Amino acid sequence: MHKEIQQLREALAKHNWLYYVEAQPIVSDYEYDAMMRRLVELEKAHPEEFDPNSPSVRVGSDLANDFQTVVHRYPMLSLGNTYSLEELSEFCDKICREIPDAEFVCEQKFDGTAISLTYQDGKLLRAVTRGDGEKGDDVTANVRTIRSVPLVLMGEGYPDYFEMRGEVYMPHSSFNRLNAEREDIGETPFANPRNAAAGTLKLQNSSVVAERGLECFLYYMEGDNLPFASHWENLEAARGWGFRISKQMRLCRSWAEIAEYIDQTAQLRSELPYDIDGVVIKVNSYADRRRLGSTAKAPRWAVAYKYKAEQALTRLHSVDFQVGRTGAITPVANLQPVHLAGTTVKRASLHNAEQIALLDIRLGDMVYVEKGGEIIPKITGVELSERSAECVPFEYITHCPECGAALVRIEGEAKHYCPNTESCPPQIVGRIVHFISRKAMKIESLGEETIELLVREGLVSDIADIYSLTVEQLVPLPRLGQKSAENIIASIEESKQVPFHRVLFALGIRYVGETTAKQLAAHFGSLDALKNASVDELLETPEVGDKIAQTIFDYFRSDDNLALIQRLESAGLQFVAEQKGESGGAQLSGLGIVISGTFVRHSREELKELIEKHGGKNLSSVSSKTDYLLAGENMGPAKLKKAESLGVKIISESDFEQMISAESSIESATEPIMEVTVEEITSSGAGASAEQGSLF
Ligand code: IVH
């Protein structure tokens with residue numbers, strides 16, 4: 001084992017735990033990043049050292065996940081629940097009648113999505129969703145990117161094989177950032193952090209999951225030989241192995257203590273950086289649990305007490321209509337300020353016309369406002385008993401409040417849109433603000449106010465106009481002088497070097513967010529290729545579904561868009577992707593490889609990843625398309641025979657490692673294309689290929 005790789009893996013795992021589990025980092029982000037970069041570099045140079053539990057897997061991979069269904073070794077039961085304290089106290093009384101000295105563990109009920117993590121010999125083997133309780137989806141690749149999930153356990157005393165169960169959730173900060181990004185690209189935001197967490201866990205591409213900021217609390221241990229006889233002791237032990245166990249657990253011996261915990265947690269709730277929807281009360285001792293038993297669906301030794309949603313009642317004064325950069329109309333309620341979950345609420349989201357009609361919301365009504373993880377709370381209902389005769393039914397606007405254009409509704413979408421993309425001021429400004437934003441062209445010397453000014457002054461009306469601006473035009477404008485005018489022009493000039501995938505994101509094509517733009521840039525390599533792609537070709541891009549493919553296709557069928565792109569291209573923006581050397585290299589490019597048998601240093605899953613990472617294709621059966629059969633122990637004799645009869649080359653695990661190591665290459669696969677072309681043009685019958693060759 002390469003010593004530095006091992007040291008870096010151990011050190012990074014420890015710093016990761018200190019940061020994400022203990023919240024007590026001892027190195028700076030800069031140092032951590034530098035160590036991670038070094039590890040990634042070394043791992044690239046030593047593919048034979050691949051380890052699915054290396055801290056470097058936290059960044060995820062672009063390989064598409066196919067979620068296998070896995071049967072839970074121990075079924076994942078659900079919990080009985082109640083909203084009534086009285087019912088809860090009866091539940092506890094009943095248990096105490098049977099077990100007079102029963103101890104209870106009270107915990108927060110995290111509002112996310114349940115996960116089961118299996119560990120074997122101290123390493124994360126598998127992560128599976130709850131599914132129907134009997135079987136779930138294998139989401140290991142995605143869960144490996146969650147920094148608070150330990151990949152390799154610390155300390156000692158853990159069973160050889162056991163499960164940790166817990167909740168994957170999205171903290172408010174990540175949720176708000178994600179929804180802001182989604183709204184920016186015209187994508188429907190997630191309704192709440194729970195949906196966002198569940199949706200993220202099922203994404204195809206784990207590198208996207210890695211960026212979404214999921215977290216995980218573990219609250220349950222399952223196995224045949226757990227070290228302790230009680231839940232509390234086992235969770236404390238698990239904390240020592242590196243699991244993130246909430247510190248907000250309490251061992252209670254009486255109803256009074258339970259009630260106090262519930263009360264305190266209710267007060268704490270609004271300050272938590274994540275959503276909880278109640279408290280879970282569990283009998284502590286496993287012997288007691290066995291005595292109480294379970295029904296088919298849920299244990300008799302645990303119950304969830306759920307909080308009613310945090311609500312406030314207040315008056316609806318008026319409604320504003322905001323126009324976004326994609327033309328989407330969002331109604332926003334102006335409310336009588338009211339205290340809710342630790343903040344004063346003045347504005348609330350009304351979503352769309354349908355929602356307003358459904359709830360029969362009228363101006364002057366007393367409305368219920370609720371707050372989840374969102375920045376903006378939402379109106380969830382009307383208190384009809386307080387409706388007065390003055391409350392007027394609500395008319396949804398028919399025309400854009402900014403430009404007066406008649407609004408339209410796209411089939412299947414709840415929102416109204418202003419179709420006047422060309423000259424509706426907030427749409428123009430919105431598009432340019434998006435274009436210059438940090439993750440797009442990063443023209444930081446320009447801000448929203450300056451853009452509004454430039455649009456008002458008639459100096460720019462689309463994104464390409466930015467590249468015709470001159471210092472002389474800017475100097476006379478209010479609050480701009482010679483110096484800032486020069487800065488602006490300099491940063492506009494600099495933006496011409498921004499890589500293609502960011503230019504693509506900056507164009508503001510609907511649904512094309514940062515990640516999709518990256519995928520498209522990597523897949524097509526240039527704007528020309530993307531522009532000419534059919535819907536089917538677009539669909540071959542990872543994470544691109546029907547809706548996005550059609551939208552991109554349509555975007556490039558508009559003469560206006562093509563003219564705009566032409567102007568940007570003339571201005572010198574990057575429309576070709578840089579060659580990336582980030583993937584594993586192309587040592588296996590174009591080769592079809594069948595894996596058979598078991599291996600000493602890699603699992604089959606790892607080998608599959610390695611093949612794909614190095615440009616090869618993992619085939620399931622031997623055929624004339626197979627180049628190599630990667631043979632392990634106990635491989636099927638039929639496969640071997642077929643491979644021999646077809647003349648397929650049979651290679652061992654170490655042959656394979658040699659093939660993918662950075663130094664070696666396979667002649668046929670890595671011959672530089674340019675040399676082949678040059679050879680071709682010097683040989684006879686040059687013709688068309690000579691023309692092609694001369695391009696180099
Ligand atoms: S214990 C057999 N503890 O609530 C009991 N569940 O409504 C296993 N949940 O599916 C569950 N926080 O996803 C337990 N501290 C906690 C929890 C918790 C959230 C979720 C879990 C479960 C659901 C049941």
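Everything here concerns the structure above.
Student: So what's going on with the overall build of the chain? Which residues, and what values?
Tutor: Secondary structure assignment for the chain yields 27 helices and 22 strands. Taken over 696 residues, the chain has a buried fraction of 48%. Counting every atom, the chain has about 34200 Å² of accessible surface; 50% of that belongs to carbon and sulfur. A gap of 4 Å separates the mean positions of the 73 positive and 104 negative side-chain charges of the chain.

Student: How would you sum up the side chain of Glu187? Please name residues and give values.
Tutor: Positionally, Glu187 belongs in the loop between α5 (172-184) and α6 (193-201). Among the residues examined, Glu187 registers a relative accessible area of 15% and is labelled buried.

Student: Which residues make up the sheet that holds strand β9 (residues 250-252), and what values do they have?
Tutor: Read across the sheet, 5 strands follow the order β2-β11-β10-β3-β9 without closing on themselves; strand pairing throughout is mixed. What marks the edges here is a single partner per strand, and that holds for β2 (80-82) and β9. Along the sheet, successive strands turn relative to each other by an average axial angle of 30°, direction set aside. Alignment of β2 against strand β11 (residues 302-306), held across 3 bridges, turns out to be parallel. Bridge assignment links Thr82 to a residue of β11, and that residue is Tyr305. Across the sheet, helix α8 (residues 231-240) lies against β3 (104-110), β9 and β10 (276-283), angled at about 55° from β3, the strand it touches most.

Student: Please provide a residue-by-residue account of the site of the ligand, values included.
Tutor: Taken together, Leu79, Glu107, Gln108, Lys109, Phe110, Ala114, Glu167, Tyr219, Val280, Lys282, Pro299 and Trp301 make up the full set of residues adjacent to the ligand. Between a nitrogen atom of the ligand and a main-chain N or O atom of Phe110, the distance comes to 3.0 Å. A distance of 3.2 Å separates an oxygen atom of the ligand from a polar side-chain atom of Tyr219. Computed on the free molecule, the ligand has an accessible area of 530 Å², of which 89% lies beneath the protein chains in the complex. A per-element tally of the shell around the ligand places β3 first, with 4 residues. For the shell around the ligand, the class distribution of residues is 7 nonpolar, 1 polar and 4 charged.

Student: Account for the sheet that holds strand β21 (residues 628-631), with residues named and values stated.
Tutor: The strand order β20-β19-β21-β22 describes an open sheet built from 4 strands, whose pairing is parallel. Strands with a single pairing partner mark the edges of an open sheet, and in this sheet they are β20 (617-619) and β22 (649-651). Mean inter-strand twist for the sheet, computed between neighbouring axes without regard to direction, equals 35°. Alignment of strand β19 (residues 592-596) against β21, held across 4 bridges, turns out to be parallel. Opposite Ser596, over in β21, you have Ala631 as the bridge partner.

Student: Describe in detail helix α17 (residues 514-524), supporting the description with residues and values.
Tutor: Along α17, the residues classified as buried are Thr516, Ala517, Gln519, Leu520, Ala521 and Phe524. Where α17 is buried, its residues touch α16 (500-506), α18 (527-531), α19 (535-539) and α20 (546-555). Directly after α17, the chain includes Gly525, whose backbone phi takes a positive value near 80°.

Student: Can you explain the pattern of salt bridges? Please cite residues and give values.
Tutor: Taken as a whole and assessed by the stated rule, the structure comprises 29 salt bridges. As a salt-bridge pair, Arg9 and Glu43 come within 2.8 Å of each other at their nearest N and O atoms. Note that Arg9 is positioned in helix α1 (residues 3-20) and Glu43 in helix α2 (residues 29-45), a separation of 34 residues in sequence. As far as the burial class goes, Arg9 and Glu43 line up, both buried. Between Arg165 and Glu163 there is a salt bridge, with the nearest N and O atoms lying 3.0 Å from each other. One exposure class covers both Arg165 and Glu163, and it is buried. Each member of the salt-bridge network shares a partner with another, and the members are Asp360, Arg362, Asp365 and Arg387.

Student: I'd like to hear about the packing of helix α3 (residues 85-98) against helix α9 (residues 255-268), residue by residue, with values.
Tutor: As a packed pair, α3 and α9 sit with axes 11 Å apart at the nearest point and diverge in direction by 145°. In this structure, α3 meets α9 at a crossing whose hand is right-handed. Contacts from Leu85, Leu88, Ser89 and Cys92 of α3 reach α9 at Trp255, Ile258 and Ile262. Counted by class, the contact of α3 with α9 contains 6 nonpolar, 1 polar and no charged residues.

Student: Account for the environment of Ser285, with residues named and values stated.
Tutor: Mapped onto the secondary structure, Ser285 falls in the loop between β10 and α10 (286-292). Placed 53 residues apart in sequence, Ser285 and Trp232 show a C-alpha to C-alpha distance of 8.3 Å. Apart from residues no more than four positions distant in its own chain, Ser285 is found in contact with Ala229 and Ser230. Within the structure, the side chain of Ser285 is placed 2.9 Å from the backbone nitrogen of Asp288, a separation counted as a polar contact.

Student: Let's hear about unusual backbone geometry: which residues, and what values?
Tutor: For Asp121, which is not a glycine, the phi torsion comes out positive at approximately 50°. Mapped onto the secondary structure, Asp121 falls in the loop between β4 (113-120) and β5 (123-129). Note on Asp121: relative accessible area 56%, which makes it exposed. One non-glycine residue with positive phi stands out, namely Lys442, at about 50°. Locating Lys442 in the fold gives a position in the loop between α12 (425-436) and α13 (448-456). With a relative accessible area of 41%, Lys442 lands in the partly exposed category.

Student: I'd love a proper account of the packing of aromatic side chains, names of residues and values included.
Tutor: Per the counting criterion, the structure on display carries 18 aromatic pairs. Ring centres 5.8 Å apart and planes at 85° place the aromatic pair Tyr158 and Trp241 in the edge-to-face group. Here the residue Tyr158 occupies a position in the loop between α4 (140-143) and β7 (161-169), and Trp241 occupies one in the loop between α8 and β9, the gap between them amounting to 83 residues. Residue classification places Tyr158 among the partly exposed positions, given a relative accessible area of 24%. Judged by centre distance (6.2 Å) and plane angle (85°), the rings of Phe435 and Tyr467 are edge-to-face. Taken together, the residues span a long stretch of sequence, with Phe435 in helix α12 and Tyr467 in the loop between α13 and α14 (471-474) at a distance of 32 residues. Accessibility classification places Phe435 together with Tyr467 in one group, the buried group. Put simply, the rings of Phe110, Tyr169, Phe217, Tyr219 and Tyr274 touch in pairs and so form one group of aromatic residues. It is Arg289 that lies over the ring of Trp301; its NZ or CZ is 3.9 Å from the centre.

Student: Could you give an account of α2, with specific residues and numbers?
Tutor: Along an α-helix, residues three or four positions apart point the same way, because every turn accommodates 3.6 residues. In this model, α2 (17 residues) spans 24 Å end to end at C-alpha, consistent with the 24 Å of a helix rising 1.5 Å per residue. Here α2 has its buried residues at Tyr32, Met35, Met36, Leu39, Leu42 and Glu43. What you see down the axis of α2 is that its buried residues fit within an arc of 125°, all on one side. Relative to its buried face, α2 has exposed residues pointing more than 90 degrees away, namely Tyr30 and Arg37.

Student: Now, about the pairing of strand β12 (residues 311-323): what can you tell me, with residues and values included?
Tutor: Two elements, β12 and strand β15 (residues 366-370), share 5 bridges in a ladder whose sense is antiparallel. Bridge assignment links Ala312 to a residue of β15, and that residue is Val369. Sheet topology note: the β12/strand β13 (residues 329-340) ladder contains 7 bridges and is antiparallel. When the bridges of β13 are listed, Asp320 appears paired with Val332.

Reading the values: rules and limits
Residue numbering note: each chain is counted from 1, following its sequence as written. Owing to the predicted nature of the model, reporting of local features is limited to residues with pLDDT of at least 70; listing and counting of side-chain atom pairs is limited to 80 or more, with chain, interface and lining totals taken over all residues. Side-chain numbers here rest on the full set of heavy atoms in the structure, without hydrogens or water. Helix and strand assignments follow DSSP, with helices taken as H or I runs no shorter than four residues and strands as E runs no shorter than two, numbered in order from the N terminus. Summary of the burial criterion: residues with accessible area below 20% of their type's maximum are buried, those above 50% are exposed, and those between are partly exposed, where the area comes from a 1.4 Å probe applied to protein chains only. Accessible areas in this description were obtained via Shrake-Rupley with a 1.4 Å probe; residue shielding takes into account the shown protein chains only. Only four residue types enter the charge count, namely Lys and Arg as positive and Asp and Glu as negative; His and the chain termini do not. By convention, the charge on Lys lies at NZ, on Arg at CZ, on Asp at CG and on Glu at CD. For two strands to pair, DSSP has to find at least two bridges joining them. In this description, a line fitted to the C-alpha atoms serves as the axis of each element, helices being fitted only across the stretch in contact, and the angle between N-to-C directions of two axes falls anywhere from 0 to 180 degrees. Between two residues, a contact is recorded if the distance between any of their heavy atoms is within 4.5 Å. We call a residue near a molecule or strand as soon as one heavy atom of that residue lies within 4 Å of the molecule or strand. Polar contacts, as counted here, are pairs of nitrogen or oxygen atoms within 3.5 Å of one another; within protein the pair requires one atom able to donate a hydrogen and one able to accept it, and residues that are adjacent in sequence qualify only if both atoms are side-chain atoms. Residues are grouped as follows: Ala, Val, Leu, Ile, Met, Phe, Trp, Tyr, Cys and Pro are nonpolar; Asp, Glu, Lys and Arg are charged; all remaining types, including Gly, are polar. Salt bridges are defined by distance alone: a side-chain nitrogen of Lys or Arg within 4 Å of a carboxyl oxygen of Asp or Glu. Handedness of a crossing is defined here by the sense of rotation of the near helix relative to the far one, left-handed for an anticlockwise turn of less than a right angle and right-handed for a clockwise turn. Two rings belonging to Phe, Tyr or Trp (six-membered ring only in the last case) form a pair when the distance between their centres is within 6.5 Å. Interplanar angles under 30 degrees mark stacking, angles over 60 mark edge-to-face geometry, and anything in between is tilted. For a lysine, the NZ atom is tested; for an arginine, the CZ atom; a charge sits over a ring if that atom is within 6 Å of the ring centre and within 35 degrees of the ring normal. Every helix has an expected span of 1.5 Å times one less than the residues it contains. To obtain the arc, one takes the directions from the helix axis to the C-beta atoms.

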